[in-house]
Every structure is written in C-alpha cells, then in structure tokens.
Amino acid sequence: MTKHQVPTTRRPSMFDAVLPLVALAGLIASALALFGLDALDGPIQVALVVCAAIAALIALKNGHSWEEVQSAGQEAIASVTSAMFILLAVGALIGTWNLSGTIPTLVYYGIQVLSPSWFYAATAIICGIVALSIGSSWTTAATIGVGLVGIGDLLGLSPGITAGAVISGAYLGDKTSPLSETTVLTAQMVGVDPREHIKRQVWTSVPAFLIALVVFFVLGWVKAPNVDDDVSTATELADLDKLFWISPVNLLPLLLLIVLSVRKAPASLALLGSALFAGVLAAFTQRQVVADFVAGQGNAVVESIKATWLTMATGFHADTGLEEIDRLVSRGGMSSMLFTLWLIFGAVTFGVLLEKFGLISRLVDPMVAAAKSTGRLFLTVFACAFGLNVVAGDQYIALVLPARVFRAEFARRGLAPTNLSRLTADSGTVTSPLVPWNSCGAFMGATLGVSTLLYLPYAVFCYASPVLSVLYGFTGFKIEKVEPVELDPPPGRSD
C-alpha cells in the first residue's frame, strides 16, 4: 500500500463478533455473583463500558478510525436523549407527587377498593387501560404503577409480582395503542398501516394477557389476607391520613398528565409540567408537610419554592418514625435516576458499536440463511430482537434492526409484512423490560423501586406474547401469505 492509498476496512470475523458477547456474559455473571442485586448500582455499568471498549478495539483492528468510533459513540448518546429527559422528569414527578400527596392519595383510596385476593389481576387491568388510553408504558408505570406498587406494599403483597403485573398491563396497552410511538415506529419500519398492524397485534396480545390474568389471579389467591393483615392495613391508612391531607384534589396532577398525554404533548414536557404543578399544589394542600420538609423557615412562599426545588432534585423524604409510610413516600428526585442513566449510556453505546461495525450482522446473516422453514424464520426473528435487547440495551434498536434485516426475507418467502410487524413488536417491545441494563428494564426498575431481577419472573405478558407469536409461525395460525417478491437487501448486507 502506498502512502496515498486509503486504508481499507475488513469484515469482522466470527471471533470478532462473538468476543464482545462472551465478555458481556462473563462480566455480568461475575457482577451478579459478587454483588447480587447490588450489581445494578455500578458493577454492571462498568461491565458495559468495558465491553464497549472491547468493541471499539475490534473496530480499530479491522481498519476503522478512532474518529468513526467516536462518531458511533456520539450517535449512541444522541439516540437516548429523549429517554434521558423522560427519566429525569419522572424522577422529579415522583418527588413532587409525594410532596403534594398525589401518590399517598392514590394509595389511600386504592387500598380501600382493591382486595389482596385479586389485586395483582386488577393491577394488570388498570395499567392496561391507562396505557391503551395514553399510549405509553413508561408514563403508566411512573404514575399509576408507582401508586399500585405502594398499595401492594402496604397490603403485604409481593412487590415483585405487583411490578410484574404493572409491566404486563403497561406493555399490553403500549403495544396495542394507536398513540404509542413504538407501535407506529414498528408499522412504519415494516411498511404497513398502523391500524392494520394493531389489528394483527390483537391475535397475540389478547391471549397473552388472558394467560397473564389467570396467573395473577392464582398468585393472588395463594396468600389470603388474615385478621392481622387487616388490622395492620387500617393502622397504616390512619397514619397516612395523619401525615397528609387526603383528598381527591390531590389527584389533579394525575389528571393534568393524562390530558397532556392524550393531547400528544412530548412525554418529558408533560411529566415535567405535572411535576411542577404538583409542587405548586402542595403549597396549598400540604402546608404542614412542606414546612416540615424544609424545616419551617416561616415564609410560606420561600418554603414552597424550596420544597418543590428539592423534591425535584433529590426527592421527597419523610422521617415520621413509621417505617412503612416513610418507605412509601421517601422516593424520587432527578438524582435517583443517575445510576439508571449511566446504565443506559453504557448499554446503548455498546449496542451501537456492535451494529455500526458489522458485528451484529456477522452473527445474524448465518441465522437467516439457516432458517429454512417459516417457524424457524420466526424463531430467528425473535432471537435477533431479544438478543438485541440484551446486547444493544435499547428497544428501538431491537425493533428497527430486525425490521430492516428480515423485511426482504419475508417478502421473498411470500409472507405478508404484517406478520413481521407483529412478530417484531412481540419480540422486541415486550421483552425489553426483562433485561436489567436495557433502557426499558432500567427505567422500570428505577421507577417502580423494584429490581428488574425481582419482577422478571412475574412479567407474564412479556413471556406469553413472544411465545404465542413464534408458535403461530410453526403452526401457520394467523400467518398471512402474499405473492412472493424480491426486495433490495438493507444497507450493509449482501445476499
């Protein structure tokens, strides 16, 4: 090569593609073995950053420049800018909603109408209705979901099962709502009308949700409430009523958020607006709570401003001596989301580097070639989407990449694009909260206050939906056929 020739890049080898994944599996397994559930408080973040560095070194070895690696990293961070502001807004919202009594009011009324025996199933149904109405699993979990987890905690129920029910309902609504951005994105990537896409979603989403409801009903009846539980709950309700002024007025921030969401306001602005409104409302409805929180400086206006500012920054904290109540309301703040953001940045950077420098396609291409039957093709799409949720750490990558990679293959085999849109959503969207370092898993864990690893076994809908979708591929049930056609392969692939 002369000094005027431009260095050429090499296609990654199979060893190149596998090495970062082996490193990821080894480091995460080690982190969990050494630190248990505390691994999400830093060790797994370090593992992801180290794996991103390994992927970068492989790119350099294959002839890519450091400038290209930096550009890929910048692209990764830019891709989660929206999620970053939503997370910060959610942290602020949880803080001010506790200050204003919004979450305590939801808990207070919820305990009185929800029986422990059917609480888990009711949680899934409530979250499903809310998510279907507003089109956002994240907003549903951050509002109604937080309140329901608090109710379950005071009823003595499992926070892991409650969180699993919240997520099952939230993702049912998100996946079948015309207001959901992931639903619209999936349809657009495959090239089908969003309404047609939603119609096909029903065939897997509704049966999967019914399966989840049966499981939650059974789990609810396993532990029947006893007299001691009833006495304890009544005592906690009385304590809650003493600490906060409980009134339907406290639910106004929730009403505002629902209105803004239905009117399609940007999620981060809707959440932040509701958080600020809750802080203002607290000045009038929770005067004593505000004064106690900032140690009562005498000036009501200054106290209210300071309390709202602090709860948005570092969350609301109560020290009443009542352990259950203090644990329920002492949460939130933008600072509480910083570990989650660190987790997301590391995971998405790693994922983008794998995609940008051909490491993912090096693994996927042989899988596509080996999938001779429709059933095996469906299983391959699921493996690709779920695998991307694991290694790329972001559901948007897990939606977009399989849609790009498999669209031509589905057309070549005479499979209608609606099959791919449904399968991609079943495989990419609903499995994202099952991965602790995925942006969705990290968000749900941080927002609900329940470790991803604790709720993972109980997010039943997130298992049933992809299983049914793949099963349809093997059986041919609800698989639509069209005339085979040749499409151009997506950029970066050659058939």
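All of these numbers come straight from a predicted model, not from anything done at the bench.

Colleague: Requested: an account of helix α20 (residues 395-412), with residues and values cited.
Modeller: Between its terminal C-alpha atoms α20 stretches 26 Å, which fits the 26 Å expected from 18 residues at 1.5 Å a residue. Within α20, the axis deviates most sharply at Phe406, by approximately 40 degrees. Of the residues trailing α20, Gly414 is marked for its positive phi of about 75 degrees.

Colleague: Help me get a handle on the nonpolar core, residues and values and all.
Modeller: With 144 residues, the main nonpolar core has Ile44, Phe216, Leu388, Phe406 and Phe410 as its most contacted residues. By residue number, the principal contributor to this core is helix α4 (residues 81-99), which donates 11 residues. Setting aside residues no more than four positions away along its own chain, Leu388 makes contact with Ile360, Gly393, Ile397, Ala398, Leu401 and Pro402.

Colleague: Quick rundown of the packing of α4 against helix α13 (residues 267-285)? Include the residues and the values.
Modeller: Axis separation between α4 and α13 bottoms out at 8 Å; the angle between their running directions is 20 degrees. In terms of axis orientation, α4 runs roughly parallel to α13. Here α4 and α13 pass one another in a crossing that is left-handed. From α4, Phe85, Ile86, Ala89, Val90, Ala92, Leu93, Thr96, Trp97 and Leu99 reach across to α13, where they touch Ala267, Ser268, Leu271, Leu272, Ser274, Ala275, Ala278, Gly279 and Ala282. In the contact of α4 with α13, the residues fall into 14 nonpolar, 4 polar and no charged.

Colleague: Any chance you could break down helix α24 (residues 460-475) for me, citing the residues and the numbers?
Modeller: Taking 1.5 Å of rise per residue, 16 residues should cover 22 Å, and α24 covers 22 Å from first to last C-alpha, within 8% of that figure. Among the residues of α24, Val460, Phe461, Cys462, Ala464, Ser465, Pro466, Leu468, Ser469, Val470, Tyr472 and Gly473 are the ones counted as buried. Here the buried face of α24 lies against α8 (159-176), α10 (194-222), α19 (374-391) and α21 (417-429). Downstream of α24 by a residue or two, Gly476 has a phi angle that is positive, lying close to 85 degrees.

Colleague: Residue-level account of the pattern of salt bridges, with values.
Modeller: Applying the stated criterion across every chain yields a total of 11 salt bridges. Notably, a salt bridge pairs Arg11 with Asp365, separated by 3.8 Å at the nearest N-O pair. Here Asp365 lies in helix α18 (residues 359-370) and Arg11 lies in the segment before α1 (14-35), a separation of 354 residues in the sequence. Under the relative-accessibility criterion, Arg11 is labelled exposed at 56%. A salt bridge links Arg413 to Glu409; the nearest nitrogen and oxygen atoms lie 2.9 Å apart. Look at the salt bridges and you will find they share partners, linking Glu196, Lys199, Arg200 and Glu480 into a network.

Colleague: Talk me through the packing of helix α7 (residues 137-154) against helix α22 (residues 439-448); I want residue IDs and the actual numbers.
Modeller: In the contact formed by α7 and α22, the axes pass within 9 Å of each other and the chain directions differ by 30 degrees. As far as their axial angle goes, α22 and α7 are roughly parallel. Helix-helix and strand crossings are classified by hand; for α7 and α22 the assignment is right-handed. Note on element contacts: α22 touches α7 through Ser439, Cys440, Phe443, Met444, Thr447 and Leu448, opposite Ser137, Trp138, Ala141, Ala142, Gly145, Val146 and Val149. Within the contact of α7 with α22, the residues separate by chemical class into 9 nonpolar, 4 polar and no charged.

Colleague: Account for a nonpolar patch on the surface, naming residues and giving values.
Modeller: A contiguous nonpolar patch, built from Leu27, Val46, Val49, Val50, Phe339 and Trp342 and spanning about 480 Å² of accessible area, is present on the exposed surface. Put simply, the parts of the chain that give the nonpolar patch at least two residues each are α2 (43-61) and α17 (338-356). Broken down by element, the residue count for the nonpolar patch peaks at 3 residues, all from α2. The residue Trp342 is located in helix α17 in this model. A relative accessible area of 35% means that Trp342 is categorised as partly exposed.

Colleague: Break down the side chain of Arg422 for me, citing the residues and quoting the values.
Modeller: Tracing the chain through its elements places Arg422 in helix α21. With no salt bridge to any partner, buried Arg422 finds its closest opposite charge in Asp426, at an N-O distance of 4.8 Å. Setting aside residues no more than four positions away along its own chain, Arg422 makes contact with His197, Arg200, Gln201, Trp203, Thr204, Ser469, Tyr472, Lys478 and Ile479.

Colleague: Explain unusual backbone geometry to me, and be specific about the residues and the numbers.
Modeller: Positive phi outside glycine occurs at Lys264, with the angle close to 65 degrees. Looking at the element boundaries, Lys264 is found in the loop between α12 (252-262) and α13. At Lys478, a position not held by glycine, the phi torsion is positive, near 60 degrees. Mapping Lys478 onto the fold places it in the segment after α24. Using a relative accessible area of 35% as the deciding quantity, one classes Lys478 as partly exposed.

Colleague: Tell me what's going on with the packing of aromatic side chains, and back it up with residues and numbers.
Modeller: By the definition in use, this model includes 11 aromatic pairs. Note on Tyr108 and Tyr109: the rings are 5.8 Å apart at their centroids and 75 degrees apart in plane angle, and the pair reads as edge-to-face. Given a relative accessible area of 17%, Tyr108 falls into the buried group. A relative accessible area of 31% places Tyr109 in the partly exposed class. A ring pair is formed by Phe119 and Tyr120, whose centres lie 6.1 Å apart and whose planes are at 65 degrees; its orientation type is edge-to-face. Across this residue pair, the class does not change: Phe119 and Tyr120 are buried. Feature note: the residues Trp203, Tyr472 and Phe477 constitute an aromatic cluster, connected by ring pairs. A cation sits over an aromatic face here: Lys478 above Trp203, 3.8 Å from the ring centre.

The rules behind the values
- Residues numbered from 1 in each chain as written.
- Predicted model: local features only at pLDDT ≥ 70, side-chain atom pairs only at ≥ 80, totals over all residues.
- Heavy atoms only, no water.
- Helix = DSSP H or I, 4+ residues; strand = E, 2+ residues; numbered from the N terminus.
- Expected span 1.5 Å × (residues − 1).
- Bend = angle between axes of the 7 residues up to and from the residue.
- Core = buried A, V, L, I, M, F, W, Y, C linked by side-chain atoms within 4.5 Å.
- Buried < 20%, exposed > 50% of the residue type's maximum accessible area, 1.4 Å probe, protein only.
- Contact = heavy atoms within 4.5 Å.
- Axes fitted to C-alpha atoms, helices over the stretch in contact; angles between N-to-C directions.
- Parallel < 35°, antiparallel > 145°, perpendicular 65-115°, else oblique.
- Left-handed = near helix turned anticlockwise from the far one by under 90°.
- Nonpolar A, V, L, I, M, F, W, Y, C, P; charged D, E, K, R; others polar.
- Salt bridge = Lys/Arg side-chain N within 4 Å of Asp/Glu carboxyl O.
- Patch = residues over 30% accessible without salt bridge, like charges linked within 9 Å, V, L, I, M, F, W, Y side chains within 5 Å.
- Areas by Shrake-Rupley, 256 points an atom, 1.4 Å probe, with all protein chains shown as cover.
- Lys, Arg positive; Asp, Glu negative; His and termini not counted.
- Phe/Tyr/Trp six-rings, centres within 6.5 Å; stacked < 30°, edge-to-face > 60°.
- Lys NZ or Arg CZ within 6 Å of the ring centre and 35° of its normal.

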